[in-house]
Amino acid sequence: MKNTLSIVTPTLGMAEYLGRAIESVLSQDFASLDYLVADGGSSDGTVDLLRGFEGRLRWRSENDGGAAAALQRAFREAPGSILGWLNADDILLPGALAQAAQAFERYPDAVAVFGGASWVDQNLRLIRPYPVVADAARRLSEQCLICQPACFFRADAYHACGGIDPTLHSAFDYDLWIRLARLGPMVYIPGEWAWSRMHPGNKSLGQRQQAFEEGAQVLRRHFDYVPFSWIYARRVHRIDGRDQFFEPLQPSLRAYFGCLPEGLATNHRHPLRYLQDWASQFGWRAAGRMLGRTRSEVKGRT
């Protein structure tokens, strides 16, 4: 039996970008497509825009409790055997759905398939490739190397693992990938399937500290351990507020040493493991970079 796909776009106040996202889905060369746009009650012209697509997609506009809750409801009702979602400011590249469906036929044991992606700015100019890797599922205890709009999953696996967690606001994709990976293979397919748009209104940048906190929460929940890299990035952000994307993370000796008590408290059931993790990051070259950064901060305040 041929695969059918259900794609959902959750949106709120994204009329500026939504039309391009919708067109990127509707222009896919894939006949068995069910497409829903779930708007959270926008007042920025989103509803008028959606009316212009009548007959080409399904849509609703109402208070929905946020993106995760909207996706949870949409996937519960979705008729497709394969599911995925595209945020209102992202772009699905030509051929992505057909390639994903073919991949599921080629890998009948796969619970999910994912392709490559790139980060683009608000004008769709390339920033850099998303760091997708073939063994991303094996490395989920360290970091998320799967780009959400370039990942599709079987509906039966989605429901079997418990679906989207509506209590999360930014890390619900990471949480879902971890649970799906425990059911079966998540297969990487070479090729670029999506563009992830990065801009000041992007949730992962605009709510950076929440993203760090939720990522750590997900790691504790599933692996009972939060790596040094997460704790360090979170602590540096508390100090300087840089988004660590457009404004790269700046090494900080103060943050590094502050990560020792914070990390031990976070990983209180694995103190030796964290001590080794923390100590392994330190070397003379790294110390020099961090010390140089600390001196420049002090000089800038005088």
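Structure's up top.
Everything quoted here is computed from the prediction, not taken from an experiment.

Caption draft 1: Spatial organisation of the packing of aromatic side chains. Tallied over the full model, the rule gives 19 aromatic pairs. For the pair tyrosine 174 and tryptophan 230, a centre-to-centre distance of 6.0 Å together with 15° between the ring planes defines the contact as stacked. Here tryptophan 230 lies in helix α9 (residues 228-240) and tyrosine 174 lies in helix α6 (residues 172-181), a separation of 56 residues in the sequence. Neither residue differs from the other here; tyrosine 174 and tryptophan 230 are each classed as buried. Plain terms: the ring middles of phenylalanine 228 and tyrosine 256 are 5.7 Å apart, the flat faces sit at 65° to each other, and that makes the pair edge-to-face. You can see phenylalanine 228 sitting in helix α9 and its partner tyrosine 256 sitting in helix α10 (residues 253-266), a full 28 residues away along the chain. No difference in accessibility class separates phenylalanine 228 from tyrosine 256, as the two residues are buried. A connected cluster of aromatic rings, assembled from ring pairs, spans Phe75, Trp85, Phe153, Tyr158, Phe172 and Trp177. The ring centre of phenylalanine 245 lies 4.3 Å from the NZ or CZ of arginine 128, which sits over that ring. One Lys or Arg, arginine 273, reaches over the ring of tyrosine 225 and ends 3.7 Å from the middle of that ring.

Caption draft 2: Representation of the packing of α9 against α10 in the model. Contact geometry for α9 and α10: axes closest at 9 Å, N-to-C directions at 125°. When the axis of α9 is compared with that of α10, the two are oblique. Crossing hand, α9 versus α10: right-handed. Contact with α9, carried on its side by Phe228, Ile231, Tyr232, Arg234, Arg235, Val236, Arg238 and Ile239, involves Arg254, Ala255, Tyr256, Gly258, Cys259, Glu262, Gly263 and Thr266 of α10 and no other residues of that element. Within the contact of α9 with α10, the residues separate by chemical class into eight nonpolar, three polar and five charged.

Caption draft 3: Main features of the environment of histidine 159. Inspection of the secondary structure puts histidine 159 in helix α5 (residues 155-160). A relative accessible area of 44% places histidine 159 in the partly exposed class.

Caption draft 4: Structural context of α10. Compared with the 20 Å implied by 1.5 Å per residue over 14 residues, the 20 Å span of α10 between its first and last C-alpha is a close match. Within the span of α10, buried status applies to Leu253, Ala255, Tyr256, Gly258, Cys259, Glu262, Gly263 and Thr266.

Caption draft 5: Looking closely at the pattern of salt bridges. Taken as a whole and judged by the stated rule, the model has 19 salt bridges. The partner of arginine 234 in a salt bridge is glutamate 213, with the nearest N and O atoms 3.3 Å apart. Within this pair, whereas arginine 234 is found in helix α9, its partner glutamate 213 is found in helix α8 (residues 208-223), the two being separated by 21 residues in sequence. Classification of arginine 234 as buried rests on a relative accessible area of 5%. Of the residues examined, glutamate 213 reaches a relative accessible area of 34% and is grouped as partly exposed.

Caption draft 6: View of the pairing of strand β7 (residues 126-129). Where strand β6 (residues 112-120) lies against β7, three bridges are found, and the strand directions are antiparallel. In the sheet register, valine 120 faces β7, and the bridge partner there is leucine 126.

Caption draft 7: Layout of the nonpolar core. One finds Trp85, Phe153 and Trp177 to be the most contacted residues of the largest nonpolar core, which totals 89 residues. Here this core takes seven residues from helix α4 (residues 96-106), the largest share from any one element.

Caption draft 8: Structural view of helix α11 (residues 271-280). Within the sequence span of α11, burial applies to Tyr274, Asp277 and Trp278. Seen end-on, α11 carries its buried residues on one side only, within an arc spanning 95°. Every exposed residue of α11 that faces more than 90 degrees away from the buried side is listed here: Leu272, Gln276 and Ser280. Against the buried residues of α11 lie α9 and α10.

Each value, and the rule that gives it
Each chain has its residues counted from 1, running along the sequence as written. Per-residue local features of the predicted model are confined to residues with pLDDT of at least 70, and side-chain atom pairs are confined, for both listing and counting, to 80 or more; whole-chain, interface and lining totals are unaffected and use all residues. Side-chain descriptors were evaluated using all non-hydrogen atoms of the structure, hydrogens and water having been removed beforehand. Centre distance within 6.5 Å is the pairing criterion for rings of Phe, Tyr and Trp, where only the six-membered ring of Trp is used; planes under 30 degrees apart are then read as stacked, over 60 as edge-to-face, and the remainder as tilted. Secondary structure elements follow DSSP: runs of H or I no shorter than four residues count as helices, runs of E no shorter than two count as strands, and numbering proceeds from the N terminus. Summary of the burial criterion: residues with accessible area below 20% of their type's maximum are buried, those above 50% are exposed, and those between are partly exposed, where the area comes from a 1.4 Å probe applied to protein chains only. A positively charged side chain is recorded as over a ring if its NZ (Lys) or CZ (Arg) lies within 6 Å of the ring centre. The angle to the ring normal must also be within 35 degrees. For every element, the axis is a line fit to its C-alpha atoms; helices are fit only across the contacting stretch, and the angle between N-to-C directions ranges from 0 to 180 degrees. Throughout this description, any angle smaller than 35 degrees is read as roughly parallel, any larger than 145 degrees as roughly antiparallel, any in the 65 to 115 degree range as roughly perpendicular, and the remainder as oblique. Each crossing is labelled by how the near helix is turned from the far one, with a counterclockwise turn of less than a right angle marking it left-handed and a clockwise turn marking it right-handed. Any pair of residues with heavy atoms lying within 4.5 Å of one another is described as a contacting pair. When residue character is reported, Ala, Val, Leu, Ile, Met, Phe, Trp, Tyr, Cys and Pro are called nonpolar, Asp, Glu, Lys and Arg charged, and the others, Gly included, polar. Each residue after the first adds 1.5 Å to the expected span of a helix. By convention in these notes, a salt bridge is any Lys or Arg side-chain nitrogen within 4 Å of a carboxyl oxygen on Asp or Glu. By this definition, two strands are paired if DSSP reports at least two bridges between them. To form a nonpolar core, buried Ala, Val, Leu, Ile, Met, Phe, Trp, Tyr and Cys residues must be joined to one another through side-chain atoms within 4.5 Å. Picture the helix axis, draw a direction to every C-beta atom, and the arc is the one those directions span.

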